[in-house]
There are 2 protein chains.
Amino acid sequence: VRWPVDQTHAPDLRSWVESANDSTTDFPIQNLPFCVFKSGENDRPRVGTGIGAQILDLDGCRRAGLLDEPALSADSLGPVMALPPDARSALRLRLSEILSREVWRAAAEPLLIPAAQVMLCLPVDIGDYTDFYASIFHATNVGRLFRPDNPLLPNYKYVPIGYHGRASSVVASGTHVRRPWGQRKDPNAETPGFAPSRSLDYELEVGFFIGRGNRLGEVIPVREAQEHIFGLCLLNDWSARDIQAWEYQPLGPFLAKSFASSVSPWVVTMEALAPYRVPAFQRAEGDPSPLPYLTSDDENAAGGIDLTLEVYLCSKLMHESGIEPMRVSRGNLRSLYWTIGQMVAHHTSNGCNLRTGDLLGTGTISGPDRTECGCLLEIALRVPEPLRLPSGETRTFLEDGDEVVMRGCCRKNGFVTIGFGECRGVVLPAAV
Amino acid sequence: VRWPVDQTHAPDLRSWVESANDSTTDFPIQNLPFCVFKSGENDRPRVGTGIGAQILDLDGCRRAGLLDEPALSADSLGPVMALPPDARSALRLRLSEILSREVWRAAAEPLLIPAAQVMLCLPVDIGDYTDFYASIFHATNVGRLFRPDNPLLPNYKYVPIGYHGRASSVVASGTHVRRPWGQRKDPNAETPGFAPSRSLDYELEVGFFIGRGNRLGEVIPVREAQEHIFGLCLLNDWSARDIQAWEYQPLGPFLAKSFASSVSPWVVTMEALAPYRVPAFQRAEGDPSPLPYLTSDDENAAGGIDLTLEVYLCSKLMHESGIEPMRVSRGNLRSLYWTIGQMVAHHTSNGCNLRTGDLLGTGTISGPDRTECGCLLEIALRVPEPLRLPSGETRTFLEDGDEVVMRGCCRKNGFVTIGFGECRGVVLPAAV
């Protein structure tokens, strides 16, 4: 199965939900992202789809007989993610029909809830969270800090480098993030100390959720990887750089990352992303070709996705002064050295089993330009002056009260623009 | 709560289950390890306790009115692990009574099932698996491979080094382990290849399961860590050394470990281990003291456990020739540079949340002696000749058909010896 561009992507398709036809919405009828929401703190989580400024209650639709997919009754997206490709496509087509045709309006309209009135939850119970390091620009920028003459390690162009992350501390957008304590050693100090991190950073990433998994001992080749990826979200892999620098040798980042990772609550499906597929990143001349297990003749399977990403920062002072958040980073998923299909194939190449709902992250997404640094560490490395905010403040790393907002959208001539909603988080002061 | 040595540990306590009084059993009545078992492939998993060669069906006991703990009705040990300390102690005391006093025999005996007749399952759904690197002897041996003059990195004596492992591929003892494929680069080769690993290794570790967890943003100090640790098991963190060497820079081991990690199915509780507590490892003169957040005035909380560990190897030829498995490694949990309490405190020091059922591993447990190398890599580094098996075969790394068996036991004068059962796995040939 390759997700085709079909009538659900037609640019002239309109919804009877008026806000979905607004050119500024992230969620036109061509998108149909999934979410899990609660109407109140004690409400049961339910599965929904975003449409303009509304959420369509999909379990409500099932109970009303509008949809007959039993997976929609769960309190997480797990069963929907596990659906076989044809059932996923059928569900999308049916949602597109319900939300576009007037004939279904009377039955479906009572099942709409304004998105602003609900709590958006984590979309699924995440079994394992894996984070990659797929941006060669990020790897080069960071590597230069440690090895100025030889920033990229010899394995980088062969291995989609990744590591296991912490699943328990993945939180939904909007969850406040407390500045972590940790061990750090100042370069001139004899011994390390234990104190709140002084170099808290964001990392602009894209997350992708596994749909159907594979059994332990089986592999998922690149050409089949698309079928196992349910959809994408925004991911902020908060990082404490001082803790990381002291702890990461020889087994990699640990407490520098495990205090929180934020995901946007909307899962944009691979079906919705079909129009925005692009060829894989063009490797530089002289770069090795990927090893055969990381290649596929199928261009769609092997390709990337044109997804523009942005990071905005809003300090407490800016917020209090009514100043708009300032864009501090941007990037594009297509600039990654490795595609998400290659990451899935590599992850399972040793027989490791992925399970429905597993979250994989791309790693920080940076581009070649100075405006395309996906984290503050890189901005500090590449831009001589500290970041100047419109409030007159400056930033090298995040301060307490800062809010980080990530956004993403897919644009293509002849198609409607679709967006990813937001991934937000405010930095709280360290515990006393 | 510090688990006291009480009447449940009395060396003269005997069970009406005859096999529990055999001096060679791992499971005398002083042990009472928990497990999850199935009578048949399609049977519902049930919680049990090991007693001699039998398993007492604890959900059966609950239904028969012998035990009134609702947590025993679950199909995993999760709810039992989450019990508060007093309920855990009460359950242990009650089990000890039921299995020692003749008055309960008539009611309980029908609820015994020979352990040899059941399938032993993973004890709990593991949310996150974290692996530490707490043996200074192991870290020194392995570090010498890369840095002969300066084997230990500067952070080692300050930071309980750990990394996130893969939870999905943790399997129960007895599960066969398929040799993984992966990228490796021979030292003389220009480029890497993709092939089955040629240097498959075991790692002798102890795993410990989290009982009650902590909320995101909260810490667990060393003095409280004991209450959050439910119990211990044996852990074999299978490793592909050639894959590891090529992939691990800069983010740590990934596919070299994620193809399988085996745990013994019996969880020996912290209560059962109370008599075998010992002071923490004596640091060498001149070593720094642990930072304050890794210390406690409470000797029991800060201390170690005297747990002897052994690894046996049995090749296919040995098995076919009726030759007994050969002991190839041994070690003791008390030789770790960091205690399990310190590992819990460090893990949560940044506010990272641990959840009930999370598995933490110690890392490879090696001692100072050549006979105390916890993995084949270290034996190869420290012993000039390849390992010679009683069949006449030699081993540098594991071959297809090799079975690795780990055992552990606690001995103390004036107390009965308790054991951990076995953690077994046979190496299968790589997939074609």
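Please refer to the structure placed before this passage.
Everything numeric in this text was worked out from a predicted model, so none of it was measured.

Draft legend 1. Structural context of the relation of the copies chain B and chain A. At an RMSD of 0.0 Å, chain B and chain A line up after a rotation of 180 degrees and a shift of 0.0 Å along the axis. Look at the turn and shift together and you get a two-fold axis relating the two. Within chain B, Gly 252 of chain B has its C-alpha nearest the rotation axis, a separation of 2.2 Å. Counting the interface residues of chain B, we find that 100% of their copies in chain A are interface residues as well, pointing to one common contact surface.

Draft legend 2. Layout of the interface of chain B and chain A. Each partner contributes residues to the interface: chain B has 52 residues there, and chain A has 52 residues. Surface buried jointly by chain B and chain A totals about 5200 Å² across both partners, of which 63% is contributed by carbon and sulfur atoms. When the area that chain B buries against chain A is broken down by residue, the three leading residues are His 164, Leu 251 and Phe 254 of chain B, summing to 16%. The tally of links from chain B across to chain A stands at four salt bridges. Linking Arg 166 of chain A and Asp 358 of chain B is a salt bridge whose minimum nitrogen-to-oxygen distance equals 2.7 Å. Our enumeration of links across chain B and chain A arrives at 28 residue pairs in polar contact (both at pLDDT 80 or more). Only β6 (129–132), β7 (162–164), β10 (181–184), β11 (193–196), α7 (241–247) and α10 (340–348) of chain B provide two or more residues apiece to the side of chain B that touches chain A. If you tally residues by element for the side of chain B that touches chain A, the top one is β7 of chain B, at three residues. Partitioned by chemical class, the residues of the side of chain B that touches chain A number 28 nonpolar, 19 polar and five charged.

Draft legend 3. Spatial organisation of the side chain of Asn 236 of chain A. Residue and element names in this part refer to chain A. You can see Asn 236 is positioned in strand β14 (residues 229–236). Asn 236 gets classed as buried once you look at its relative accessible area, which sits at 0%. At 3.1 Å, the side chain of Asn 236 and the backbone nitrogen of Glu 203 are in polar contact.

Draft legend 4. Just the packing of aromatic side chains, in detail. This structure, assessed with the given rule, holds 24 aromatic pairs over all chains. Both rings, one in Phe 194 of chain A and one in Tyr 293 of chain B, keep their centres 3.8 Å apart while their planes meet at 15 degrees; by these two values the pair is stacked. With Phe 194 of chain A in strand β11 (residues 193–196) and Tyr 293 of chain B in the loop between β18 (277–278) and α8 (299–302), this pair bridges two chains. Judged by relative accessible area, which is 15%, Tyr 293 of chain B ranks as buried. Cluster of aromatic residues (ring-pair linked, three or more members): Tyr 133, Phe 137, Tyr 156, Phe 281, Tyr 337 and Trp 338 of chain A. Against the face of Tyr 312 of chain A rests Arg 407 of chain A, its NZ or CZ located 4.7 Å from the ring centre.

Draft legend 5. Spatial organisation of a nonpolar patch on the surface. Residues and elements named next belong to chain A. A grouping of Leu 145, Phe 146 and Leu 381 is seen on the molecular surface, where their side chains present a nonpolar patch of about 260 Å² in accessible area. Within the element layout of this structure, Phe 146 appears in helix α5 (residues 136–146). Overall, the relative accessible area of 43% leaves Phe 146 in the partly exposed class.

Draft legend 6. Inspection of the sheet that holds strand β1 (residues 34–38) of chain B at higher detail. All names here are of chain B. Spatially, β4-β3-β2-β1-β5 is the arrangement adopted by the five strands of the open sheet, whose pairing is antiparallel. Of all the strands in the sheet, just β4 (112–114) and β5 (119–120) have a single pairing partner and so form its edges. Bridge count for β1 against β5 is two bridges, and the pairing is antiparallel. Bridged to Lys 38 within β5 is Met 119. Relative to strand β2 (residues 46–51), helix α3 (residues 85–100) is tilted by about 60 degrees, and along the sheet it contacts β1, β2 and β3 (54–57).

Draft legend 7. Expanded view of the state of the cysteines. Following the criterion strictly, the structure yields zero disulfides over all chains and no others. Here Cys 121 of chain B stays unpaired: no disulfide links it, and the sulfur of Cys 35 of chain B, its closest cysteine neighbor, is 8.5 Å away.

Draft legend 8. Focus on the side chain of Asp 358 of chain B. Tracing the sequence through the fold places Asp 358 of chain B in the loop between α10 and β22 (359–361). Taking relative accessible area as the criterion, Asp 358 of chain B reaches 0% and is therefore assigned buried. Engagement of the side chain of Asp 358 of chain B in a polar contact is seen with the side chain of Arg 166 of chain A, the distance being 2.7 Å. Beyond its immediate stretch of four places on either side in the chain, Asp 358 of chain B contacts Arg 166 of chain A together with Gly 127, Asp 128, Phe 208, Phe 209, Ile 210 and Asn 353 of chain B.

Conventions adopted
Residues numbered from 1 in each chain as written. Chains lettered and ligands numbered in written order. Predicted model: local features only at pLDDT ≥ 70, side-chain atom pairs only at ≥ 80, totals over all residues. Heavy atoms only, no water. Least-squares fit on C-alpha atoms with pLDDT ≥ 70 in both. Contact = heavy atoms within 4.5 Å. Buried area = accessible area lost by both parts, 1.4 Å probe. Salt bridge = Lys/Arg side-chain N within 4 Å of Asp/Glu carboxyl O. Polar contact = N/O pair within 3.5 Å; in protein donor to acceptor, adjacent residues only side chain to side chain. Helix = DSSP H or I, 4+ residues; strand = E, 2+ residues; numbered from the N terminus. Nonpolar A, V, L, I, M, F, W, Y, C, P; charged D, E, K, R; others polar. Buried < 20%, exposed > 50% of the residue type's maximum accessible area, 1.4 Å probe, protein only. Phe/Tyr/Trp six-rings, centres within 6.5 Å; stacked < 30°, edge-to-face > 60°. Lys NZ or Arg CZ within 6 Å of the ring centre and 35° of its normal. Patch = residues over 30% accessible without salt bridge, like charges linked within 9 Å, V, L, I, M, F, W, Y side chains within 5 Å. Areas by Shrake-Rupley, 256 points an atom, 1.4 Å probe, with all protein chains shown as cover. Pairing = 2+ DSSP bridges. Axes fitted to C-alpha atoms, helices over the stretch in contact; angles between N-to-C directions. Disulfide = S-S within 2.5 Å.

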